[in-house]
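# Secondary and tertiary structure notes
Letter by letter, the chains look like this.
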Amino acid sequence: MSDTASSTALLTDHYELTMLQAALQAGTAHRRSVFELFPRRLPEGRRYGVVAGVGRALEAIERFRFDDEVLGALDAGGVVDEQTLAWLADHTFTGDVWGYPEGEVYLPYSPLVVVEGTFAEAVLLETVLLSIYNHDSAIASAASRMTWAAGGRPCIEMGSRRTHEEAAVAAARAAYVAGFEATSNLAALQRHGIPTTGTSAHSFTLLHDTERDAFTAQVTSLGRGTTLLVDTYDIAEAVRTAVDVAGPELGAVRLDSGDLGLLAHEVRAQLDSLGATGTKIIVTSDLDEYAIAALAAAPVDGYGVGTQLVTGSGHPTSGFVYKLVSREGDDGQMVPVAKRSKDKGSVGGRKYALRHLSADGVAEAEVVGIGTPPRDDGDDRELLVRLVRDGAVVGHEPLSAARERHLTSRDELPLPARMLSKGQPVIPTLHLD
């Protein structure tokens, strides 16, 4: 939401509140419960996923309140009865939340979020948590594959015009977590401090009487280090004009159409022949991880990625679910519960997780303990961290920490994780009772 002071309580499905109403009437709403947010599987063919949206989810929990405006909307819509409205008016989340920290790699059945509290307060968070995690992790997972394929060359997020205006900001943030260097989205700069970049579009060239006039105007305003877009008309002529206007100090040229690999070789040779050996080549135009990988041998210095990034490169959602896995029984003891539906099953019991590493620090398995933490043999790494304690958020961290964590956790994966061909999860998930 653009207004960071507004409530997130209505970013919720109707049935969360009707379940609450029925549970209040049945006397079961206050049973201690454990909910888990997890993936049953990775998107088809993917070998790993990336957790993103944790910081946004924590902000959403802090703003999850039923103020007069929210209660008025529920009352006017006849969503719940007076008893439930009265309960919501006094509601404050008092539970605990554990989760994988932002930027961490995940596998099937990784317990990405564990919410502990009463049924009433934990069930209300289902939709908003799933909404944030499913979207942001899909973007980060695609971005991770792209930055790995780029082999150290910088990637710039520029997909704002290809998605919802608020999704664009979230996508820029998720891409930054997974290694993108900058974004074109200015709201991402304002809200998250992500570096922004941009120069001009084809319309700027077409505005002027000649391409030389356009380049001269841009260089005069932005300096010789700017990036000139050279494929509006004839690329070779545009490159000559660009170097003539800006000199060999020209920062970069951008290619946005055609056979980018072939053109990059031709433009590099031309720039070098004109003395612009330091001028970089930036490529755009519907890039994804496969196109980036295909350009590995081309003299490309950076990639601008839009549509494929903000749509998850074919997988716009992560497929996460939020399930009750343990609840208080009549005797006051916690009872594991699980869904047994065909192809939609869950594993009952409160989860703990660690990543089993070899002596060389290479990930070998995702180990999930049920009811009790799995034993660390000395080389392993615990994955769940405390995010909320007794209703108070304690897990906020700078985005720089998430970026560093992603690089570290991704580098732990065995080499097949780098492969872009379809395959199975790169390491298995093991459940231990």
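What this report covers is the structure whose coordinates are included nearby. (Residues numbered from 1 in each chain as written. Predicted model: local features only at pLDDT ≥ 70, side-chain atom pairs only at ≥ 80, totals over all residues. Heavy atoms only, no water.)

Helix and strand counts for the protein stand at 15 helices and 19 strands. Counting over 433 residues, the protein shows a buried share of 53%. Counted over contacts in the protein with a minimum sequence separation of 6, partners at least 24 positions apart contribute 73%. Split by element, the accessible area of the protein, about 18,700 Å² in all, is 51% carbon and sulfur. (Helix = DSSP H or I, 4+ residues; strand = E, 2+ residues; numbered from the N terminus. Buried < 20%, exposed > 50% of the residue type's maximum accessible area, 1.4 Å probe, protein only. Contact = heavy atoms within 4.5 Å. Areas by Shrake-Rupley, 256 points an atom, 1.4 Å probe, with all protein chains shown as cover.)

In this structure, the largest pocket occupies an estimated 890 Å³ of space. If you go around the largest pocket, you meet 30 residues; those closest to its centre are Met158, Arg161, Arg254, Thr284 and Gly304. Counting only elements with at least two residues in the lining of the largest pocket, the list comes to strand S8 (227-229), strand S9 (252-255), strand S10 (280-283) and strand S11 (302-305). With 4 residues, S11 is the single largest residue contributor to the lining of the largest pocket. (1 Å grid on protein atoms, 1.4 Å probe; cavity = no way out; pocket = protein on both sides within 12 Å on 5 of 7 lines; lining within 4 Å. Points joined across faces, edges and corners; volume = space filled by probe spheres on them.)

Taken together, Asp360, Glu364, Asp376, Asp377, Asp379 and Glu382 make up a surface patch of like negative charges. On the secondary structure map, Glu382 appears in strand S16 (residues 381-382). Judged by relative accessible area, which is 62%, Glu382 ranks as exposed. (Patch = residues over 30% accessible without salt bridge, like charges linked within 9 Å, V, L, I, M, F, W, Y side chains within 5 Å. Salt bridge = Lys/Arg side-chain N within 4 Å of Asp/Glu carboxyl O. Lys, Arg positive; Asp, Glu negative; His and termini not counted. Charge placed at Lys NZ, Arg CZ, Asp CG, Glu CD.)

The antiparallel open sheet is built from 7 strands, whose spatial order is S13-S12-S1-S5-S3-S17-S18. Each having just a single partner strand, strand S13 (334-336) and strand S18 (392-393) make up the two edges of the open sheet. As paired strands, strand S17 (residues 385-389) and S18 are joined by 2 bridges and run antiparallel to one another. Opposite Arg389, over in S18, you have Ala392 as the bridge partner. Each of S17 and S18 is contacted by helix H2 (residues 54-62), which is oriented at about 15° to S17, the strand it contacts most. The strands that helix H6 (residues 126-150) touches are strand S1 (32-39), strand S5 (113-118), strand S12 (320-328) and S17; relative to S12, the one it contacts most, it runs at about 140°. (Pairing = 2+ DSSP bridges. Axes fitted to C-alpha atoms, helices over the stretch in contact; angles between N-to-C directions.)

Here helix H12 (residues 260-273) spans 20 Å end to end across 14 residues, near enough to the 20 Å set by a 1.5 Å rise per residue. All of the buried residues in H12 are Leu260, Gly261, Leu263, Ala264, Val267, Arg268, Gln270 and Leu271. On its buried side, H12 packs onto helix H11 (235-246), S9 and S10. Looking one or two places after H12, you find Gly275, whose phi comes out positive at around 90°. (Expected span 1.5 Å × (residues − 1).)

Attention now moves to the side chain of Glu126. On the secondary structure map, Glu126 appears in helix H6. Buried charge without a salt bridge: Glu126, with Lys323 as the nearest opposite-charge side chain at an N-O distance of 5.7 Å. When neighbours within four sequence positions are excluded, Glu126 is seen to be in contact with Tyr15, Glu16 and Tyr322.

This next bit is on the environment of His356. By the secondary structure assignment, His356 is in strand S14 (residues 351-357). Remark: the alpha-carbon pair of His356 and Arg31, spanning 325 residues in sequence, is separated by 34 Å. Contacts of His356, omitting those with residues within four sequence positions, involve Val362, Ala363, Glu364, Ala365, Val367, Asp377 and Asp380. One polar contact links His356 to Asp380, side chain to side chain, over a distance of 2.7 Å. (Polar contact = N/O pair within 3.5 Å; in protein donor to acceptor, adjacent residues only side chain to side chain.)

Before going further, it helps to spend a moment on the nonpolar core. If you look at the biggest cluster of nonpolar residues, it comprises 111 residues, and the most contacted ones within it are Phe66, Leu88, Val115, Leu129, Tyr133 and Tyr303. In terms of residue count, H6 provides more of this core than any other element does, 13 residues in total. The next biggest cluster of nonpolar side chains, apart from the first, holds 8 residues, and it includes Ala188, Ile194, Leu399 and Ala402. (Core = buried A, V, L, I, M, F, W, Y, C linked by side-chain atoms within 4.5 Å.)

With that settled, consider unusual backbone geometry. A positive phi is found at Ser285, a non-glycine position, where the angle reads about 100°. On the basis of relative accessible area, Ser285 is assigned to the partly exposed category, the value being 32%. One non-glycine residue, Ser313, lies in the positive phi region at around 50°. In this fold, Ser313 is placed in the loop between helix H14 (307-310) and S12.

Here we come to the pattern of salt bridges. Inspection of every chain in the model, using the stated rule, returns 19 salt bridges. The residue Asp330 makes a salt bridge to Arg31 at a minimum N-O spacing of 3.0 Å. Of this pair, Asp330 sits in the loop between S12 and S13 while Arg31 sits in the loop between helix H1 (14-26) and S1, and the two are 299 residues apart along the sequence.

A word on the packing of helix H3 (residues 68-76) against helix H4 (residues 82-89). As a packed pair, H3 and H4 sit with axes 11 Å apart at the nearest point and diverge in direction by 170°. One finds that H3 runs roughly antiparallel with respect to H4. Two packed elements cross with a definite hand, and for H3 against H4 that hand is right-handed. Here H3 contributes Leu71, Leu74 and Asp75 to the contact with H4, which in turn contributes Glu82, Leu85, Leu88 and Ala89. Looking at the contact of H3 with H4 residue by residue, the class counts come to 5 nonpolar, no polar and 2 charged. (Parallel < 35°, antiparallel > 145°, perpendicular 65-115°, else oblique. Left-handed = near helix turned anticlockwise from the far one by under 90°. Nonpolar A, V, L, I, M, F, W, Y, C, P; charged D, E, K, R; others polar.)

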